[in-house]
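# A structural walkthrough
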Amino acid sequence: MKKIMTGNEAIARGAYEAGCKVAAAYPGTPSTEILENIANYKEIYSQWSVNEKVALEVAGGASIAGARALCAMKHVGLNVAADPLFTLAYTGVNGGLVVVTADDPGLHSSQNEQDNRYYAIHAKAAMIEPSDSQECLDFAKYAFTLSEEYDIPVLLRVTTRICHSKSLVNMGSRQDVGVKEYKKYAAKYCMIPAFAKRRHPVVEQKLKKLREYSNKIPLNRIEWGDKKVGIITSGISYQHAREVMGDNASYLKIGLSFPLPEKLIREFASGVEKLYVIEESEPYMETFVKSLGIKCIGKDVFPICGELNPEILEKVLRPETSRNTYTLDMEIPSRPPVLCAGCPHRGMFYTLKKYKDVIVTGDIGCYSLSIMPPLDVTHTLICMGAGISAGIGFEKALTLAHNGKKVFGCMGDSTFFHSGITSLIDAVYNKSEMAVIILDNRITAMTGHQQNPGTGKTLSGDISPVIDIEQIVRAVGVKGENIRVVDPYDLTETQEAVEKAYEAVEPFVIIAKRPCALIKEVQKMRATLKCTINQNKCTSCKMCLKIGCPAIAFKDDVMVIDQASCNGCTLCMQVCRFDAIERLGE
Amino acid sequence: MPLKGWVSEMTKSLILVGVGGQGTILTSKILAEGLLKLGFDVKMSEIHGMAQRGGSVNTQIRFGKKVHSPMISMGEANLLVAFEKVEAIRYLDYLKPGGTLIVNDHEIYSLPVLAGKEKYPEKAIEKLEKLVENIVIIKAADIAKDLGNIRAQNMVLLGAAVKLLEILDLDWVDLIKDNLPQKFHEININAFNAGVKQA
Ligand SMILES: Cc1ncc(C[n+]2csc(CCOP(=O)(O)OP(=O)(O)O)c2C)c(N)n1
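Not measured: the values here are computed from a predicted model.

Here we take up the overall build of chain A. Counting its regular elements, chain A contains 20 helices and 23 strands. Against the 2.2 N^0.38 benchmark of 25 Å for 586 residues, chain A shows a C-alpha radius of gyration of 27 Å, consistent with a compact globule. When its C-alpha atoms are laid out on the principal axes, chain A stretches across 80 × 65 × 55 Å. Taken across its 586 residues, chain A has 59% of its residues classed as buried. For chain A, long-range pairs separated by at least 24 residues make up 75% of all intrachain contacts whose partners lie at least 6 apart in sequence. Total accessible area computed for chain A in this model is approximately 23,500 Å², and 54% of it derives from carbon and sulfur atoms. Each charge class in chain A can be summarised by its mean position, and for the 68 positive and 67 negative side chains these summaries are 4 Å apart.

Following this line, the structure appears as structure tokens:
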């Protein structure tokens, strides 16, 4: 059967068809929908893990036990999961183990542009790169077989344009391979130094064999066209190159990105007059080709930063083509993403904004948008978890500099479970004077509303125990009097808690608890709640604009609140000095 | 008919642009499924993530006999469907000379505009009309509001696009039904039909 699918849907389908039994992931754009789609296949046990390291360990354990297992994450997730990955390369697998890494060239929704192909070399795991949805399905399936044949974890590397582009896919049926037999085998699966020392040469041996096979593997192929120009390429770059050059070039399409096929590259290079390496991000293949003593053109003409696209390639490969278009010389306003109308994060940042002598170490989630004006309160954003830990260091450094500024570290509920708990323990253990704010909107909002340990539901929608953040905070040693649970829709209560935290000289934690305004049940419940402006009382002082709510506008010389997007959170009402905002509905 | 004769061996490109939450992605999905039923190879590229939160969004569709790249180049789009006026201007350089622009006569202020830091341009439509020969202006938001829900504006624009692409002889109503919960069928089908009439 044929269907149009995103790369992510196709990977899920490929795993299903391959007989995958266990899948685990932590959400992260552009990889999130892989597990969301796998969850639709009841034959696969799937779960959200608290973070990527845990997810890979879950998948690794399942693989050793004999199940075909998959784990998916965004590129930075592999940094978190690197520890198990490197050693799983030594233990090898029992059931096939596939690790999807979704890179984000162009930084559509990430904090860096790292090229995870280097992880394959570094971790000594095989790497496969599909270039459209059909290949996502086919390669995902193939990855399980390769993993078992070579007893090696296989990294399936995709990028945003592969994950989120749709193309036609031919589906097959599931091949149920069952769960392989597991036999205790400590010398393979217990990596104490004595055993690991013996495994390392085995790994080198496997890679040598795979390196040889890479010259014949069907994932790599030469497509001969005009031999004046030869292009070595992979992933989405292959599609762009094909689009621009058609049959006016020859292609070596790389599907197995690690190990790279030396003989095949030599054969291809000697068959063409001018050789290009076209790849997004780093000169990964280019460096390899050059190391073989082969001349090629790569990053001297194609950018390292950002995505490639047909236009960029055209400018280099066919500079004679010109493109005309329309231009309207007109200044237009920017349209940055913003905290939604009714977002519970707003109240906390509005409150923090009042303090001129605080440092806010932020984290990644919807609340990252507090970096933008008019809230504009956050000083740092590095990676998940750093909202607390960077705050610890910041506070220590400020103290040493005799700078009395108070440090507030912020993160969301999902981020707290992901890597905030260890940071909070560090803060207590090392007697930090920072304050921590946990923005508990009862969901993983940024990536599109995934369940997490605090929501009481699993990936498949089953009811599960709610892990209580307040109890964790208590358990790691934050004193009861230094914990406040507040409703960030209530500015008075929020302000009081922030003031207490500001004055505290011990670790202080505020849990701002209020569900995301976009959660379906919340939307339903609040559907009739609205705020409106009483034009008789409004003085157009614009105080309400300071909360940065997209529902409030100063239009045609009057303040208005868009009734379609307002959810009656009443923040604007609370900041109005003239009682000019009223609340409607129950 | 501005797009007449567009069906050929050559790959064609469409781009739908708007503001996160306006339903561009669903519209593109239905459009892509329709093109597929018509026997084309189709690729569609959407970027979501942060853009949901009121940011500027675009989805690109390329179709033809065999499509390689899902991405559209400047000056390549045969049809640009703008769900909002400023977004029409933002993405105008994707439109091919002679291509068709469908623009929703509707404005959504971004936060910098709401906060008075930046200005929403005046007379955007008039200026677009002067520049682009094949322009179709539709009050999709108003039409949808009159039908009962502004959120159906995307189906008004879909109707217009389908009409201009001359691919009406397909059961679009069926596709709309496939992609929406039953309680929204009637209004969205009405919106679609209104769009067809407008174009
Ligand atoms: C290591 C890592 N994994 C995943 C992501 C993607 N990501 C960014 S924010 C986020 C979740 C944020 O959820 P939460 O902390 O609950 O905040 P909310 O968006 O709900 O406000 C995720 C999964 C990332 N940036 N880094």
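All names here are of chain A. Close to the ligand lie 26 residues, the nearest being Glu52, His345, Asp413, Thr415 and Ala445. With respect to the ligand, the backbone of serine 414 contributes an N or O atom lying 2.9 Å from an oxygen atom. Burial of the ligand by the protein amounts to 98% of the accessible area it has alone, namely 590 Å². Where the shell around the ligand is concerned, the elements lending two or more residues are helix H4 (75-91) and helix H16 (413-429).

With 100% of its residues at a pLDDT of 70 or more, chain A has an overall mean of 97. At the low end of the mean pLDDT range in chain A sits strand E21 (residues 552-555) of chain A, at 90; at the high end sits strand E5 (residues 97-103) of chain A, at 99.

So, about the packing of aromatic side chains. All names here are of chain A. Applying the stated criterion across every chain, the model contains 14 aromatic pairs over all chains. Judged by centre distance (6.3 Å) and plane angle (80 degrees), the rings of tyrosine 185 and tyrosine 189 are edge-to-face. The buried category is assigned to tyrosine 189, whose relative accessible area is 17%. Through a chain of ring-to-ring contacts, the aromatic side chains of Tyr182, Tyr185 and Tyr189 assemble into a single cluster. Here the basic side chain of lysine 227 rests over the ring of tryptophan 224, its NZ or CZ set 4.3 Å away from the ring centre.

Our focus in this paragraph is the sheet that holds strand E11 (residues 250-254) of chain A. All names here are of chain A. A sheet is described by the order of its strands in space; here four strands give the open sequence E9-E11-E10-E13, paired in mixed fashion. The outermost strands of the open sheet, each flanked by one partner alone, are strand E9 (221-223) and strand E13 (274-278). The average angle at which neighbouring strand axes cross in this sheet is 20 degrees, direction not considered. For E9 and E11, the ladder comprises three bridges, and the chain directions are antiparallel. Paired with arginine 221 across the two strands is lysine 253, which belongs to E11.

With that out of the way, let us pick up the interface of chain A and chain B. Contacts between chain A and chain B engage 54 residues on the former and 63 residues on the latter. Taken over both partners, the interface formed by chain A and chain B buries close to 5,000 Å², and the fraction arising from carbon and sulfur atoms is 63%. There are three salt bridges connecting chain A and chain B. For arginine 335 of chain A, the salt bridge is made with glutamate 87 of chain B, and the minimal N-O distance between the two is 2.5 Å.

This part is about the environment of arginine 198 of chain A. Residue and element names in this part refer to chain A. Along the chain, arginine 198 turns up in helix H9 (residues 193-213). Arginine 198 gets classed as exposed once you look at its relative accessible area, which sits at 55%. The spacing of arginine 198 and alanine 187 is eleven residues in sequence and 8.3 Å in space, taken between C-alpha atoms.

The sheet built from eight strands is open, its strands ordered E1(A)-E8(A)-E2(B)-E3(B)-E1(B)-E4(B)-E5(B)-E6(B) with mixed pairing. Edge positions in the sheet fall to strand E1 (2-6) of chain A together with strand E6 (134-138) of chain B, since each of these pairs with one other strand and no more. Within the sheet, the average angular offset between the axes of one strand and its neighbour, ignoring direction, is 20 degrees. Here strand E5 (residues 95-104) of chain B runs beside E6 of chain B; their pairing, made up of five bridges, is parallel. Bridging across to E6 of chain B, isoleucine 102 of chain B finds its partner in valine 136 of chain B. Taken strand by strand, helix H6 (residues 133-150) of chain A contacts E1 and strand E8 (165-170) of chain A, and its axis lies near 60 degrees from that of E8 of chain A.

Conventions and cut-offs
- Residues numbered from 1 in each chain as written.
- Chains lettered and ligands numbered in written order.
- Predicted model: local features only at pLDDT ≥ 70, side-chain atom pairs only at ≥ 80, totals over all residues.
- Heavy atoms only, no water.
- Helix = DSSP H or I, 4+ residues; strand = E, 2+ residues; numbered from the N terminus.
- Rg over C-alpha atoms; globule rule 2.2 N^0.38 Å.
- Buried < 20%, exposed > 50% of the residue type's maximum accessible area, 1.4 Å probe, protein only.
- Contact = heavy atoms within 4.5 Å.
- Areas by Shrake-Rupley, 256 points an atom, 1.4 Å probe, with all protein chains shown as cover.
- Lys, Arg positive; Asp, Glu negative; His and termini not counted.
- Charge placed at Lys NZ, Arg CZ, Asp CG, Glu CD.
- Near = heavy atom within 4 Å.
- Polar contact = N/O pair within 3.5 Å; in protein donor to acceptor, adjacent residues only side chain to side chain.
- pLDDT = per-residue confidence, 0-100.
- Phe/Tyr/Trp six-rings, centres within 6.5 Å; stacked < 30°, edge-to-face > 60°.
- Lys NZ or Arg CZ within 6 Å of the ring centre and 35° of its normal.
- Pairing = 2+ DSSP bridges.
- Axes fitted to C-alpha atoms, helices over the stretch in contact; angles between N-to-C directions.
- Buried area = accessible area lost by both parts, 1.4 Å probe.
- Salt bridge = Lys/Arg side-chain N within 4 Å of Asp/Glu carboxyl O.

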